[in-house]
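As a plain string of letters, each chain reads:
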Amino acid sequence: MDTEAFINEIADRLVAYINSKDKTERVNSSLSSRSLKRTLDVSMPIEGLGMEAALDDLDSYIEHSVKTHRAEFMNPLWGGLSLPALAGEMVAAATNNSMYTFELSPFATIIEHTILNRLCEIVGFPDGFGTMTTGGSNGNMIGMLCAREHAIPGSTKTGFDGSKMVVFVSDEAHYSVLMAANVIGIGHQNVIKVRCDEDGRMLPSSLQEEIDFARKEGFVPFCVVATSGTTVRGVFDPLSEIADIAHENNLWFHVDAAWGGACMFSPMHRGLMDGIEKADSLCWDAHKLMGLPLICSTFLVKRPEVLRTLCRHADVAHYLFHNETEDVDLGRYSLQCGRRNDALKLWLEWRVRGDAGWSAMVEQYMDYASHLEHLVNSNPALELMSTRMWTNVCFRYSPQNTDMDLNVLNVELRNRLIQEGMFMVSRSNIGDDVILRPVISNQNVTIQSIERFVESVLRLGDDIVRGLPSLG
Ligand SMILES: Cc1ncc(COP(=O)(O)O)c(C=O)c1O
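Residues numbered from 1 in each chain as written. Predicted model: local features only at pLDDT ≥ 70, side-chain atom pairs only at ≥ 80, totals over all residues. Heavy atoms only, no water.

A. Structural context of the packing of helix α1 (residues 3-19) against helix α3 (residues 51-64). At a minimum axis distance of 11 Å, the contact between α1 and α3 shows a crossing angle of 10 degrees. Judged on the interaxial angle alone, α3 and α1 are roughly parallel. Between α1 and α3, the contacting residues are Phe6, Glu9, Ile10, Arg13 and Tyr17 on the first element and Met51, Leu55, Leu58, Asp59 and Ile62 on the second. Partitioning the contact of α1 with α3 into residue classes produces seven nonpolar, no polar and three charged. (Axes fitted to C-alpha atoms, helices over the stretch in contact; angles between N-to-C directions. Helix = DSSP H or I, 4+ residues; strand = E, 2+ residues; numbered from the N terminus. Parallel < 35°, antiparallel > 145°, perpendicular 65-115°, else oblique. Contact = heavy atoms within 4.5 Å. Nonpolar A, V, L, I, M, F, W, Y, C, P; charged D, E, K, R; others polar.)

This is the structure in structure tokens:
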């Protein structure tokens, strides 16, 4: 098969896939992992199968993949599919430039510089810079590494004893802070969880108490991590007050804005992150609410020299980096060597939408979330489980006419949703309660799809209470 015929075949499949967003078929595969393994041939052949077989393999792959572009996919904090970004992803793969040097990645380097500078402008870091990373988890880790270098200058080079160094995070922080604590060398047990108010916001007064207590116990506080958009409840910590406490105590202040960062595009919702300009660093995922295909994530730092110090190992790579291009090569600000071009898709998408398009997207998603919240609040069998701040709508099925344990009931309800395959939403916990956590972060979601989702929850919940067996 020649190049053109092959690419045309792929294009046909992509168009069919994209258009399948309007079908009313399953979002997920109906097969268990065991049946999938039994049904599909995924073995590595001794003799190559040829290009025709690759097309068949792609057909099977598409058939059995979760349809993350469908409106009914409201499960993790990402979803949808936008054409400019898809085009950027495909062209980035085809051109296969690696982001370490301008020489090897000229246009992409300029694009990534532009994106990072623009994001810094939005955040309020006039002299800031950063890097594109493999995700918010990695961004949190780099933020904590910067904090370590700030607390113990030279520790990047000399190493350090992390057994007494402690970081403070909200009780509701993402689990990646534990990973980061491990990687930077302080260990999970040196992550101190600060109490939150009943809505899930870190309590500044508790932060100060925890810092004082840690010092009294002989620990060395060095970093505070606040969250703008927590994973489960979508809560925004009070950045301004937390920043003041962190800085009065000479601690690095990192903000995990992986999920909530996009609020900064909207004049209406930007206030959720008031005080962000006081942060020392933050991570911000474009592959979450902004709908870019995974991976597309940024780490921003107010004083770029701290990140540069972390990446001093790059200076020995004479086979890549030369003094003449020190000011432009991005590899001197990255922990990666070979690095994908994640900037192109974001740049294309941003050029198509403009700032105004991002702002409209945030505002529309918030309106949709508000509609879902309203449906929950107006139905006596549903119970909102957390004050809504962002597009997470945490609720559970809680009918009057049953004495079933509500956790058992909601676990079963979510199992049935997954078995039925018409909607995917996350099951999470708030305290001891099991909840459903749909989020709006998918451009294909509509008011109608949200209403169908609520109808499905009510129908399946009612089936359980009436003792009807599951269809699965
Ligand atoms: C608040 C928060 N921070 C960080 C992350 C990790 O982001 P990533 O999956 O891009 O590593 C997540 C993921 O959901 C998150 O919710």
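B. Broad picture of the site of the ligand. Inspection of the region around the ligand gives 13 residues, with Ser137, Thr231, Asp256, Asp285 and Lys288 positioned closest. With respect to the ligand, the backbone of glycine 136 contributes an N or O atom lying 2.8 Å from an oxygen atom. In the environment of the ligand, an oxygen atom lies 2.8 Å from a nitrogen or oxygen atom belonging to the side chain of threonine 231. Protein contacts shield 84% of the accessible area of the ligand, which totals 400 Å² for the unbound molecule. A per-class count over the shell around the ligand returns two nonpolar, eight polar and three charged. (Near = heavy atom within 4 Å. Polar contact = N/O pair within 3.5 Å; in protein donor to acceptor, adjacent residues only side chain to side chain. Areas by Shrake-Rupley, 256 points an atom, 1.4 Å probe, with all protein chains shown as cover.)

C. Broad picture of a negative patch on the surface. Taken together, the side chains of Asp41, Glu52, Asp56 and Asp57 present a region of like negative charge at the surface. Counting through the fold element by element, aspartate 57 comes out in helix α3. Using a relative accessible area of 44% as the deciding quantity, one classes aspartate 57 as partly exposed. (Patch = residues over 30% accessible without salt bridge, like charges linked within 9 Å, V, L, I, M, F, W, Y side chains within 5 Å. Salt bridge = Lys/Arg side-chain N within 4 Å of Asp/Glu carboxyl O. Lys, Arg positive; Asp, Glu negative; His and termini not counted. Charge placed at Lys NZ, Arg CZ, Asp CG, Glu CD. Buried < 20%, exposed > 50% of the residue type's maximum accessible area, 1.4 Å probe, protein only.)

D. Region of interest: the side chain of serine 334. Tracing the chain through its elements places serine 334 in the loop between α11 (304-310) and α12 (343-377). One polar contact links the side chain of serine 334 to the main-chain amide nitrogen of glutamine 336, over a distance of 3.0 Å. When neighbours within four sequence positions are excluded, serine 334 is seen to be in contact with Thr131, Cys311, His313 and Arg339.

E. Fine view of the pairing of strand β3 (residues 165-170). For β3, the buried fraction is high: six of the six residues fall into the buried class. Neither face of β3 is open: one carries Met165, Val167 and Val169, the other Val166, Phe168 and Ser170, and all of them are buried. Pairing analysis gives five bridges linking β3 to strand β5 (residues 220-227), with the strands arranged parallel. In the strand pairing of β5, phenylalanine 168 is matched with valine 224. (Pairing = 2+ DSSP bridges.)

F. Focus on the packing of aromatic side chains. Enumeration over the complete set of coordinates arrives at eleven aromatic pairs. Plain terms: the ring middles of phenylalanine 265 and tryptophan 350 are 5.3 Å apart, the flat faces sit at 80 degrees to each other, and that makes the pair edge-to-face. Residue phenylalanine 265 is found in the loop between β6 (252-256) and β7 (281-285), and its partner tryptophan 350 is found in helix α12; the two are separated by 85 residues along the sequence. Here phenylalanine 265 matches tryptophan 350 in class, with each residue buried. The ring of phenylalanine 219 has lysine 164 lying over it, and the distance from NZ or CZ to the ring centre is 4.7 Å. (Phe/Tyr/Trp six-rings, centres within 6.5 Å; stacked < 30°, edge-to-face > 60°. Lys NZ or Arg CZ within 6 Å of the ring centre and 35° of its normal.)

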